[in-house]
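Topology and contacts: notes
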Protein chains: 2
Amino acid sequence: MPIPTPASQRRLPWLALATLLVLIGTSTRVEADVDPLASWNEGPAKRTIVEFVKATTTQGSPDFVPPAQRIATFDQDGTLWVEHPMYSQVMYCLDRVPAVVRAKPELANVEPFKTVLSGDREAIAKLPKEDLIQILAATLTGMSVDEFGAEARKWLDTAKDPRWKRPYPELTYLPMQEVLEYLRQNGYQTYIVTGGGQDFVRVYSEKSYGIPPEQVVGTAGGTKYGYDANGVPFLTKEPKLLLNDNDAGKPEGIHLMIGRRPIAAFGNSTGDQQMLEYTKASAGRRLAMLVLHDDAKREYAYGPAQGLPPTHVGALTQALYDQAAKQGWVVISMKDDWKRIFAFDEE
Amino acid sequence: MPIPTPASQRRLPWLALATLLVLIGTSTRVEADVDPLASWNEGPAKRTIVEFVKATTTQGSPDFVPPAQRIATFDQDGTLWVEHPMYSQVMYCLDRVPAVVRAKPELANVEPFKTVLSGDREAIAKLPKEDLIQILAATLTGMSVDEFGAEARKWLDTAKDPRWKRPYPELTYLPMQEVLEYLRQNGYQTYIVTGGGQDFVRVYSEKSYGIPPEQVVGTAGGTKYGYDANGVPFLTKEPKLLLNDNDAGKPEGIHLMIGRRPIAAFGNSTGDQQMLEYTKASAGRRLAMLVLHDDAKREYAYGPAQGLPPTHVGALTQALYDQAAKQGWVVISMKDDWKRIFAFDEE
């Protein structure tokens, strides 16, 4: 039995609770007024998201999903932020080449480093995939994980996208930020599942998307544990691929890193096909969505789904577009479905 | 300005709040009375845990750690549950051998399957490591991840430890369960970082420890994405090692799967050395603890730290014991520090 509280202690809580009541009354009304997807135009894409969230989170709904199983996965490049004309991480690696050559001057006259140092954008854009992999290995491995994090952070704070003249982390899509937040408000865990480097994306995921490092799954290399001259342990990034988090690597990476199948997944290219299939294949109400880049004016238009040539970055092919229609994935048109694209766009 | 609430709607909340007040008053008193580490005897180990949690979670403390960085990692076998005389997962694999041989009868006369089928415990215990690995590969891979989960769940519900005659998931240490809960109550994320199979531990981690699958890091094999005859995608467990989550593999696995360095770590054997070093090596107040199995009566006593022979399971060596003293890791004596060992022990 609870010990009776003295009257003098009882008064204050009543006052506090009266205040609380006013606040509850206010906040309920505020919530009802605010549209969590304010940057979305009304239409099938927005409606699909809202109905999915209501169906899976309303107690008693036949599609109700317990909070622990509310896992939503998001591709990053082209789904959460700009990927055109080149992935930001590739820009980072190219920008790091001079420092790598300063440390190893013998590379200055060796390809592909020579071409990158020349600054000839056209020649750089034409480098074959093998050369690109060589540049990635040289610029992303061989240092400690702490050194890598510090370098990447510095670049992300200063480097600017050539079109918008803004740091890359500002080029996230406002409507997708709203989806992330809306899902989290409804008890979902939001994961990034990216073909990009896991260590790279983890540097800014918390600040850019509110997603902590442990909820970023990406292409990952091995590390090696060792000790410095003072016996202090540290991890070195090794040029050894553990997980290629593209295509079939996405569901495989989800199993490895999360261990549960998502019930909602968002992508924009052929690299996301298997993640979306895998998400839709389990029993129950599931959500699969594809972002279509069809807004040449406000962002970019690319990919065979619109009769445009494929780019070196992933794109929405006609086959994927057809699969979406067949399997009930919903295509998001940037042009039609998004009222604003970036937070810095005028309202 | 908030719209005034009609009087009829205002009455109910006041009643609810009056009830709430009584509940708040009650629960505050209950909390103050309850010792979160009730199964621990007073002593340096208990004191170290409580002081660490207070120092890292009290606003304004010089050792305060923001919630997002409160990561605690726990070895499983011998740290959270019984590992002697054989890891539960090895018991699972041995128990699975008859089913494997039923599917492939030609294995019946091939070693090491022949020995396992003989039921000769002494001979089985003497099988060399290579044979054990062959048994693990045959019993843990080659099926879909869903089939594996269903089989493991069935075994965990029915198989019993030969000494206590109870299902293995009941053989968790109550004092460590209290530490897990106490840390979580104080904003910590609690991870299992085990040399055991990640997929295996994830089957029962939520039910046994309140730890969801995505917070289990373990020895992990690859999976392969494919489609069944109806075109439905599924993942097959492959006999391909991605992460050997022992020794240096523990900090490497932590980097891969969590991406942050823990600030508290618990282990019991040489396999945990690097995880504890890595945890202690970063700046700030850090906690590293080792469970010493010195209670032959209530559990087991083994390992060179007590002048006993090493076992085939990981053990606390003299070198690790010395390192603990030198680097400020705290050794937990099961005999002296734990009032009760299992939840089923009498109070």
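These numbers come from a predicted model, not from an experiment. (Residues numbered from 1 in each chain as written. Chains lettered and ligands numbered in written order. Predicted model: local features only at pLDDT ≥ 70, side-chain atom pairs only at ≥ 80, totals over all residues. Heavy atoms only, no water.)

Let us now look at the overall build of chain A. Scanning chain A from terminus to terminus reveals 13 helices and seven strands. Expressed as a percentage of the 347 residues in chain A, the buried residues total 52%. Sequence-distant contacts, at least 24 apart, represent 65% of the contacts inside chain A between residues at least 6 apart. (Helix = DSSP H or I, 4+ residues; strand = E, 2+ residues; numbered from the N terminus. Buried < 20%, exposed > 50% of the residue type's maximum accessible area, 1.4 Å probe, protein only. Contact = heavy atoms within 4.5 Å.)

A separate point is the environment of A:Ala55. All names here are of chain A. Secondary-structure assignment places Ala55 in helix H2 (residues 44-57). Taking the relative accessible area as the measure of exposure, Ala55 reaches 11% and is therefore buried. Separated by 17 residues in sequence, Ala55 and Ala72 place their C-alpha atoms 15 Å apart. Residues contacting Ala55, with those up to four places away along its chain left out, are Ser61, Asp63, Phe64 and Arg285.

Let us now look at the packing of aromatic side chains. Two aromatic rings, taken as a pair, are described by how far apart their centres are and by the angle between their planes. All names here are of chain B. What the rule picks out here adds up to 34 aromatic pairs over all chains. With a centroid separation of 5.2 Å and an interplanar angle of 40°, the aromatic rings of Tyr92 and Phe200 are classed as tilted. One end of the pair, Tyr92, is in helix H3 (residues 88-103); the other, Phe200, is in helix H9 (residues 198-209), with 108 residues separating them in the sequence. Between the aromatic rings of Tyr225 and Tyr227, the centroid separation amounts to 5.4 Å while the plane-to-plane angle is 80°, which identifies the pairing as edge-to-face. (Phe/Tyr/Trp six-rings, centres within 6.5 Å; stacked < 30°, edge-to-face > 60°.)

All names here are of chain A. Ordered in space as E4-E3-E2-E1-E5-E6-E7, the seven strands form an open sheet in which the pairing is mixed. Both edges of this open sheet fall to strand E4 (233-243) and strand E7 (330-333), since each of them pairs with a single strand only. With strand direction ignored, the average angle separating the axes of adjacent strands in the sheet is 35°. Contacts between helix H10 (residues 249-257) and the sheet are confined to strand E1 (71-74), strand E2 (189-197), strand E3 (216-227) and E4, with E2 contributing the most and set at about 125° to the helix. The strands touched by helix H11 (residues 273-281) within the sheet are E1, E2, strand E5 (264-267) and strand E6 (287-292), with E5 carrying the most contacts at an inclination of about 160°. (Pairing = 2+ DSSP bridges. Axes fitted to C-alpha atoms, helices over the stretch in contact; angles between N-to-C directions.)

Side-chain pairs of opposite charge can arise where the charged atoms are in close proximity. Residue and element names in this part refer to chain A. Evaluated as defined, the whole model comprises 28 salt bridges over all chains. In this structure, Glu42 and Lys46 form a salt bridge, with 2.9 Å as the shortest nitrogen-oxygen distance. Lys250 is paired through a salt bridge with Asp75; the nearest N and O atoms lie 2.9 Å apart. Highlighted residues: Lys250 in helix H10 and Asp75 in the loop between E1 and helix H3 (88-103), separated in sequence by 175 residues. The class of Lys250 is buried, set by a relative accessible area of 1%. One continuous salt-bridge network, built from bridges that share partners, spans Asp35, Glu42 and Lys46. (Salt bridge = Lys/Arg side-chain N within 4 Å of Asp/Glu carboxyl O.)

All names here are of chain B. Between its first and last C-alpha, helix H8 (residues 174-185) extends 16 Å over twelve residues, near the 16 Å set by a 1.5 Å rise per residue. Across the twelve residues of H8, nine count as buried, placing the element largely inside the fold. Where H8 is concerned, the buried positions are Leu174, Pro175, Met176, Gln177, Glu178, Val179, Leu180, Tyr182 and Leu183. Along its buried surface, H8 packs onto helix H2 (44-57), strand E1 (71-74), strand E2 (189-197), H9, strand E5 (264-267) and strand E6 (287-292). (Expected span 1.5 Å × (residues − 1).)

Let us now look at the confidence of the model for chain A. Residues and elements named next belong to chain A. Taken over all residues, the pLDDT of chain A has a mean of 90, while the share at 70 or more is 89%. Note on residues 17-30: pLDDT is under 50 here. Beyond four places in sequence and across chains, it has twelve contacts. For this predicted complex, the interface score ipTM comes out at 0.89, alongside a pTM of 0.90. (pLDDT = per-residue confidence, 0-100.)

Residues A:Trp40, A:Phe74, A:Met176, A:Phe266 and A:Trp338 are the most contacted members of the largest nonpolar core, which totals 66 residues. Take this core: its biggest share by element is eight residues, from H3(A). Ignoring sequence-local partners within four residues, the contact set of A:Met176 consists of A:Trp40, A:Phe74, A:Thr79, A:Leu80, A:Phe266, A:Val291 and A:Trp338. One finds B:Phe74, B:Tyr168, B:Tyr209 and B:Tyr302 within the second-largest nonpolar core, a separate group that totals 65 residues. (Core = buried A, V, L, I, M, F, W, Y, C linked by side-chain atoms within 4.5 Å.)

To continue, consider the sheet that holds strand E4 (residues 233-243) of chain B. Strands pair in a sheet through their backbones, by hydrogen bonds, and they do so in one of two ways: parallel or antiparallel. Residues and elements named next belong to chain B. Read across the open sheet, the seven strands follow the order E4-E3-E2-E1-E5-E6-E7; overall the sheet is mixed. Only two strands of the sheet have a single neighbouring strand rather than two, namely E4 and strand E7 (330-333). Neighbour-to-neighbour, the strand axes of the sheet open up by a mean angle of 35°, direction not taken into account. Sheet topology places strand E3 (residues 216-227) next to E4; seven bridges connect them, and they run antiparallel. When the bridges of E4 are listed, Tyr225 appears paired with Leu235.

So, about the packing of helix H9 (residues 198-209) of chain A against helix H10 (residues 249-257) of chain B. The interhelical angle for the contact between H9(A) and H10(B), taken along N-to-C directions, is 60°, at an axis separation of 10 Å. With respect to H10(B), the element H9(A) is oriented oblique. Here A:Gln198, A:Asp199 and A:Arg202 of H9(A) come into contact with H10(B), specifically with B:His255, B:Leu256 and B:Met257. Considering only residue class, the contact of H9(A) with H10(B) consists of two nonpolar, two polar and two charged. (Parallel < 35°, antiparallel > 145°, perpendicular 65-115°, else oblique. Nonpolar A, V, L, I, M, F, W, Y, C, P; charged D, E, K, R; others polar.)

Residue and element names in this part refer to chain B. Two numbers describe how H3 lies on helix H6 (residues 129-140): the axes approach to 9 Å, and their chain directions differ by 65°. The pairing of H3 with H6 is recorded here as roughly perpendicular in orientation. The handedness of the crossing between H3 and H6 is left-handed. On H6, the residues that touch Gln89, Val90, Tyr92, Cys93, Leu94, Arg96, Val97 and Val100 of H3 are Leu132, Ile135, Leu136, Ala138, Thr139 and Leu140. Partitioned by chemical class, the residues of the contact of H3 with H6 number eleven nonpolar, two polar and one charged. (Left-handed = near helix turned anticlockwise from the far one by under 90°.)

Here the focus is the environment of A:Thr141. All names here are of chain A. Position of Thr141 among the secondary structure elements: in the loop between helix H6 (129-140) and helix H7 (145-158). The exposure class of Thr141 is buried, given its relative accessible area of 18%. Here the alpha-carbon distance between Thr141 and Lys114, two residues 27 residues apart in the chain, equals 19 Å. Once residues lying within four places of it in the same chain are set aside, the contact partners of Thr141 are Leu136, Lys237, Glu238 and Pro239. For Thr141, the side chain forms a polar contact with the main-chain oxygen of Ala137, separated by 2.6 Å. (Polar contact = N/O pair within 3.5 Å; in protein donor to acceptor, adjacent residues only side chain to side chain.)

All names here are of chain B. E2 sits mainly inside the fold: eight of its nine residues count as buried. Relative to E2, E1 runs parallel, the two being bridged by four bridges. By the bridge assignment for E2, Thr73 is matched with Tyr191. The pairing of E2 with E3 spans four bridges and is classified as parallel. Residue Ile192 lies in a different strand from E3, and its bridge partner there is Val216.

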